[in-house]
Amino acid sequence: MMKINFRNLTVQVLIAIALGVLVGHFFSSTGVQLKVLGDLFIKLIKMVIAPIVFFTIVTGIAGMGDMKKVGRIGGKALIYFEIVTTIALAVGLLVVNVVRPGHGVDMSAAKGDISKYTTAAAETSHGFVDFISNIVPDNVVAAMSKGELLPILFFAVLFGLALAAMGEKGTPVVQIFERLSQVFFGIVGMIMKLSPIAAFGAMSYTIGKFGIGSLFSLGKLMGSVYLTMFLFIVLVLGGIAKMYGFSIFKFIRYIREEILLVLGTSSSESALPRLMQKLEKYGCSKSVVGLVVPTGYSFNLDGTAIYLSMAAMFIAQAYGVDMSPWQQLTLLGILMLTSKGAAGVTGSGFITLAATLAAFPSIPVAGIALLLGVDRFMSEARAITNLIGNGVATVVVSKMEKEFDENASRKAQEELKIETVKPRAVS
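Conventions and cut-offs
Residues numbered from 1 in each chain as written. Predicted model: local features only at pLDDT ≥ 70, side-chain atom pairs only at ≥ 80, totals over all residues. Heavy atoms only, no water. Buried < 20%, exposed > 50% of the residue type's maximum accessible area, 1.4 Å probe, protein only. Helix = DSSP H or I, 4+ residues; strand = E, 2+ residues; numbered from the N terminus. 1 Å grid on protein atoms, 1.4 Å probe; cavity = no way out; pocket = protein on both sides within 12 Å on 5 of 7 lines; lining within 4 Å. Points joined across faces, edges and corners; volume = space filled by probe spheres on them. Contact = heavy atoms within 4.5 Å. Axes fitted to C-alpha atoms, helices over the stretch in contact; angles between N-to-C directions. Parallel < 35°, antiparallel > 145°, perpendicular 65-115°, else oblique. Left-handed = near helix turned anticlockwise from the far one by under 90°. Salt bridge = Lys/Arg side-chain N within 4 Å of Asp/Glu carboxyl O.

## Remarks on helix H15 (residues 272–282)
- Counting buried residues in H15 gives eight out of 11 residues, a clear majority hidden from the surface.
- What H15 keeps buried is the set Leu 272, Pro 273, Arg 274, Leu 275, Met 276, Lys 278, Leu 279 and Tyr 282.
- Among the residues trailing H15, Gly 283 stands out with phi positive, at a value near 125 degrees.

Shown next as structure tokens:
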């Protein structure tokens, strides 16, 4: 006999997701109204992301005291991001060409209000010059209030470098920031207790709004996307992990609570603060975590890259647009740019897809209406892939820099062996 530990967060989130599916299916109108629970939780998390990212980066860089080291870590991270996301895009294109999920799709399904996505895409700058210029904030306080990660990252790096240049004079500021960082992580701990409620509300809404039937209406595309992301995680990220001496499966088990949280909320940002804490405990240095994770949330969205390439080709296949190898390479080049600015929140992948198709007129933008019913389900898969991809990237860069504590990693994994299901005593 086994006894389930209901106090464990993993167990609570799993139960909440299952209950959400039931409520959404049998009480759809109530399920739709419960969306507010997931939205409030994400807002609570986003409330603390900006200060946590800022304080973590500043204290990490100031603690290094070596500007060359900052540049070296940042450079290695960006090269890694570009290589891996390009592989993700290519894998997506390869699978979608083999499976051809868009072939024979009922085009009557291409109905729906896509104006909010096309409008948002039109208002978002996706040119390279615009992308670079948007990294520099017009106003630091405004960037903080809006939670714009790249401008916050840019300012935090400058602040950290200036503080490091001050030497011992900057030590009191660093100590204050470290204490403030601990306060905000304490707030995260309080918020995380609400994660089962958030997962319940978000899943109730998803099933209540779109219905379980929508899982099957475009099942071939969904199955292709899920399969591709699974293969990418196991083969590509697993291969990278093996090269650097750790197991992708053990790592996934280590961050399982964060993965389940993302599954429930469909937002990789919801797990960002906890992921940073977990990676430090896993053995990655604070400076590497502070630089790589926030940067990865804009430059290393592996799941979003796979989704974008597959969704674009799916629409082309549905409309009977025959894409030549050269056109697909051109699409790959456009996606390499547009995928970098996508945020880790629900709906951003859809907006980025609309912007990509607008820049590639061979594929009708109106075709994104085909995906309206199932995008929410696929957003969970891409958010989980993004989360795992950024975790692996941080461990890899830490090992590259010899900033990885193997003893801490072993200790973290030993602690993980405390099972969520404990044996019940037999009388």
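## Some words on unusual backbone geometry
- One non-glycine residue, Arg 100, adopts positive backbone phi at about 50 degrees.
- Within the element layout of this structure, Arg 100 appears in the loop between helix H4 (67–99) and helix H5 (115–123).
- Owing to a relative accessible area of 37%, Arg 100 belongs among the partly exposed residues under this scheme.
- With phi around 55 degrees, Lys 402 is a residue other than glycine that occupies positive phi space.
- If you trace the backbone, Lys 402 turns up in the loop between helix H20 (375–400) and helix H21 (406–416).
- For Lys 402, a relative accessible area of 76% puts it in the exposed group.

## So, the layout of surface pockets
- Counted as a void, the second largest pocket has a volume near 360 Å³.
- Lining of the second largest pocket is provided by 16 residues; of these, Gly 74, Leu 78, Leu 153, Val 157 and Thr 295 occupy positions nearest its centre.
- Counting residues per element, the ones that place at least two in the lining of the second largest pocket are H4, helix H8 (149–165) and helix H16 (286–299).
- No other element matches H4, which puts seven residues into the lining of the second largest pocket.

## Here's the deal with the side chain of Arg 274
- You can see Arg 274 is positioned in helix H15.
- Note on Arg 274: relative accessible area 15%, which makes it buried.
- Setting aside residues up to four positions removed in sequence, Arg 274 forms contacts with Leu 9, Val 188, Met 192, Glu 257 and Glu 258.

## Overview of the packing of H4 against helix H12 (residues 219–243)
- One can describe the packing of H4 onto H12 by two numbers: an axis separation of 10 Å at closest approach and a directional angle of 140 degrees. Between H4 and H12, the interaxial angle falls into the category oblique. For the pair H4 and H12, the crossing hand works out as right-handed. Residues Tyr 80, Val 84, Ile 87, Ala 88, Val 91, Gly 92, Val 95 and Val 99 of H4 touch H12, and the partners they reach there are Lys 220, Ser 224, Thr 228, Phe 232, Val 236, Leu 237 and Ile 240.

## Looking at the pattern of salt bridges
- Throughout the structure, instances matching the rule amount to seven salt bridges.
- Here Glu 401 ties to Lys 76 by a salt bridge, and the two come within 2.8 Å at their closest N and O atoms. Pair noted here: Glu 401 is in the loop between H20 and H21 and Lys 76 is in helix H4, with a separation of 325 residues, a long-range link.
- The class of Lys 76 is partly exposed, set by a relative accessible area of 27%.
- Here Glu 258 and Lys 278 are joined by a salt bridge, their closest N and O atoms 2.9 Å apart.

Nothing here speaks to function; it is all geometry.
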